[in-house]
Amino acid sequence: MNVPLLDLGAHHGPIETELLQAMTRVLRSHFAVGMSSGTDALLAALMALEVGPGDEVVTTPYSFFASAGVVARLGATPVFVDIDPSTYNLDARAVESAITERTRAIMPVHLYGQCADMDPILKLAARHDVRVVEDAAQAIGAEYRDGRRAGSMSEIGCVSFYPTKNLGALGDAGMIVTSDDVLAERLRILRAHGAKPKYYHHVVGGNFRLDALQAAFLNVKLPHLDGWTRGRQENAQRYGTLFRETGLVAQGAVTLPAAAYDELPHGHIFNQYVIRARERDLLQRHLRQRGIGTEIYYPVPLHLQKCFASLGHREGDMPNSEAAAKESLALPIYPELTEDQIRYVAAAVREFVDR
Ligand SMILES: Cc1ncc(COP(=O)(O)O)c(C=O)c1O
């Protein structure tokens, strides 16, 4: 049996006609909202907040590169704060010690589809008068306390519609959400090379426009999002039950993803289902041999990346992120995964532990 990490063929098959109709509609009209990618959304968000050289942005070292990359691209400095080892999200209690007079913003990332602990971060930001940009690239629709949703808790939230996301376009796409009219207008201008009207440039922006075709595909997919997310959540439940029933959890061979807000229907939207496992690399190889696709998010934490060597970090500086980088493994979780496939994956993990 083959269990790919992601099966876009199975995902798009049932809505192929709708996707093609959307493409036809776009060919006859044109519209565009949002941003060209999650990365550009983050970049434009920081540009709109006028983050630049000399500024610091506090963020997590355990994320996709874009979260810190955009900070550095603007000449600002990413200041890393370690993660909470159970949720993989920024350790909110550790953020305050990283704030200096140069801090312009805090950028929490809602990793894998579960919100960072935002209340203490928002309180801290208000107390120190710094801005908050949420990297909600992986967390569209994820709920935090009181029904607040990822990306909507601060002034600016950034979403990615990269094909691997719960709501994925058929290529690159992204979106910024903001409740601030002035910021929204500034973002629209930045998105079009800083021009308003066309050819009259107030600031230097970029081409951050959302491709019209991708927008149309997203419109087709949007009504399916809740159902797909439910599918991912059910799959996560199945894995959890199987890993518990087969004793892998009690044995400490597999650590299940923490559900920090499991009282909420969208407390975790499982963009990724990430376990921790002993001998992770060997397990990955074993699963590969059994035809099972997995991924390591992320093998090198950002503070240890070569391009950030000038920040002077060493191994041991962010122990929770470094441990996660060594032990975490993402298993297939896409909504079309069958119960048989999930059982097959769980059995293959059991087989590895019993070898
Ligand atoms: C946490 C995080 N931030 C930012 C991004 C960047 O989004 P995109 O790939 O759409 O540029 C991603 C996407 O992979 C992500 O996972």
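Residues numbered from 1 in each chain as written. Predicted model: local features only at pLDDT ≥ 70, side-chain atom pairs only at ≥ 80, totals over all residues. Heavy atoms only, no water.

1. Describing the domain arrangement of the protein chain
In terms of domain boundaries, the protein chain breaks down into domain 1 (38-221) and domain 2 (225-353). Both sides together, the interface formed by domain 1 and domain 2 hides about 3300 Å², and carbon and sulfur atoms give 59% of it. Among the residues of domain 1 in contact with domain 2, Y112, E143 and N166 are the three that bury the most area, contributing 22% of the side total. At the junction of domain 1 and domain 2, the tally comes to 0 salt bridges. There are 23 residue pairs in polar contact (both at pLDDT 80 or more) connecting domain 1 and domain 2. Secondary structure elements with two or more residues in the side of domain 1 that touches domain 2: α4 (66-73) and β2 (77-80). Its residues assigned to classes, the side of domain 1 that touches domain 2 shows 21 nonpolar, 12 polar and 7 charged. (Domains from an automatic or database assignment. Buried area = accessible area lost by both parts, 1.4 Å probe. Salt bridge = Lys/Arg side-chain N within 4 Å of Asp/Glu carboxyl O. Polar contact = N/O pair within 3.5 Å; in protein donor to acceptor, adjacent residues only side chain to side chain. Helix = DSSP H or I, 4+ residues; strand = E, 2+ residues; numbered from the N terminus. Nonpolar A, V, L, I, M, F, W, Y, C, P; charged D, E, K, R; others polar.)

2. Re the sheet that holds strand β8 (residues 273-277)
Strands sit in the order β7-β8-β9 across an open sheet of 3 strands; the sheet is antiparallel. Of all strands in the sheet, those with a lone pairing partner are β7 (254-255) and β9 (328-331), marking the two edges. Bridging between β7 and β8 involves 2 bridges; their strand directions are antiparallel. Looking across to β8, one finds that T255 is bridged to R276. The strands touched by helix α9 (residues 225-245) are β7, β8 and β9; relative to β8, the strand with the most contacts, the crossing angle is about 20°. (Pairing = 2+ DSSP bridges. Contact = heavy atoms within 4.5 Å. Axes fitted to C-alpha atoms, helices over the stretch in contact; angles between N-to-C directions.)

3. A short note on the site of the ligand
In the vicinity of the ligand lie 15 residues, with G38, T39, D135, S160 and K165 positioned nearest. At 2.7 Å, a side-chain N or O of D135 approaches a nitrogen atom of the ligand. Side-chain polar atom of K165 to an oxygen atom of the ligand: 2.8 Å apart, as the coordinates give it. Notes on the ligand: free accessible area 390 Å², of which the protein chains cover 92%. Secondary-structure elements contributing two or more residues to the shell around the ligand are α3 (38-48) and α4. No other element matches α3, which puts 3 residues into the shell around the ligand. Classifying every residue of the shell around the ligand gives 6 nonpolar, 7 polar and 2 charged. (Near = heavy atom within 4 Å. Areas by Shrake-Rupley, 256 points an atom, 1.4 Å probe, with all protein chains shown as cover.)

4. Notes on empty space enclosed by the protein
In total, this model carries 2 cavities of 30 Å³ or more according to the counting rule given. Roughly 50 Å³ of internal volume is contained in the largest cavity. Lining the largest cavity are S86, T87, Y88, L111, Y112, Q114, P257, A258, H268, Q272 and V274. When grouped by side-chain class, the residues that make up the lining of the largest cavity number 6 nonpolar, 5 polar and no charged. Built from parts of two domains, the lining of the largest cavity gets at least three residues from each of domain 1 (38-221) and domain 2 (225-353). Reported here for the second largest cavity is a volume of approximately 40 Å³. Along its surface, the second largest cavity is lined by L6, D7, H11, P163, T164, K165, R232, Y334 and E336. (1 Å grid on protein atoms, 1.4 Å probe; cavity = no way out; pocket = protein on both sides within 12 Å on 5 of 7 lines; lining within 4 Å. Points joined across faces, edges and corners; volume = space filled by probe spheres on them.)

5. Here we look at the packing of aromatic side chains
Considering all chains together, one arrives at 11 aromatic pairs under this definition. Seen in terms of ring centroids, Y88 and Y112 are 5.4 Å apart; in terms of plane orientation they differ by 75°. Their pairing is edge-to-face. Placement of Y88 in the loop between β2 and α5 (92-95) and of Y112 in the loop between β3 (103-107) and α6 (118-128) is noted, with a sequence separation of 24 residues between them. Judged by its relative accessible area of 3%, Y112 is buried. Through pairs of rings, three or more aromatic residues link up here, namely Y62, Y88, Y112, Y297 and Y298. (Phe/Tyr/Trp six-rings, centres within 6.5 Å; stacked < 30°, edge-to-face > 60°. Buried < 20%, exposed > 50% of the residue type's maximum accessible area, 1.4 Å probe, protein only.)

6. Description of the packing of α3 against α4
Where α3 contacts α4, the two axes come as close as 9 Å, and the packing angle between them is 40°. In this view, α3 runs oblique relative to α4, as classed from their interaxial angle. When the axes of α3 and α4 are compared, the crossing they make is right-handed. Between α3, through T39, L42, L43 and L46, and α4, the contact on the second element is made entirely by A66, S67, V70, V71 and R73. (Parallel < 35°, antiparallel > 145°, perpendicular 65-115°, else oblique. Left-handed = near helix turned anticlockwise from the far one by under 90°.)

7. Describing the sheet that holds β2
Pairing is mixed in the open sheet, where 6 strands are placed in the order β2-β1-β3-β4-β5-β6. Whereas interior strands pair on both sides, the edge strands pair on one side only; in this sheet they are β2 and β6 (174-178). If you compare each strand with its neighbour and ignore which way they point, the axes differ by 25° on average. Each of β3 and β4 (131-135) is contacted by α6, which is oriented at about 150° to β4, the strand it contacts most.

8. A short note on the nonpolar core
Core analysis: the biggest nonpolar cluster contains 36 residues, and V58, V95, I106, C115 and F161 have the highest contact counts within it. Of all elements in the fold, only α5, α6 and α8 (212-221) reach the threshold of two or more residues within this core. Here this core gets 4 residues from one element, more than from any other, and that element is α6. Each of domain 1 (38-221) and domain 2 (225-353) contributes no fewer than three residues to this core. When neighbours within four sequence positions are excluded, F161 is seen to be in contact with I140, L167, G168, A169, G171, A173, G174, M175 and L218. Core analysis: the next-biggest nonpolar cluster, separate from the first, contains 28 residues, V3, F243, V254 and I296 among them. (Core = buried A, V, L, I, M, F, W, Y, C linked by side-chain atoms within 4.5 Å.)

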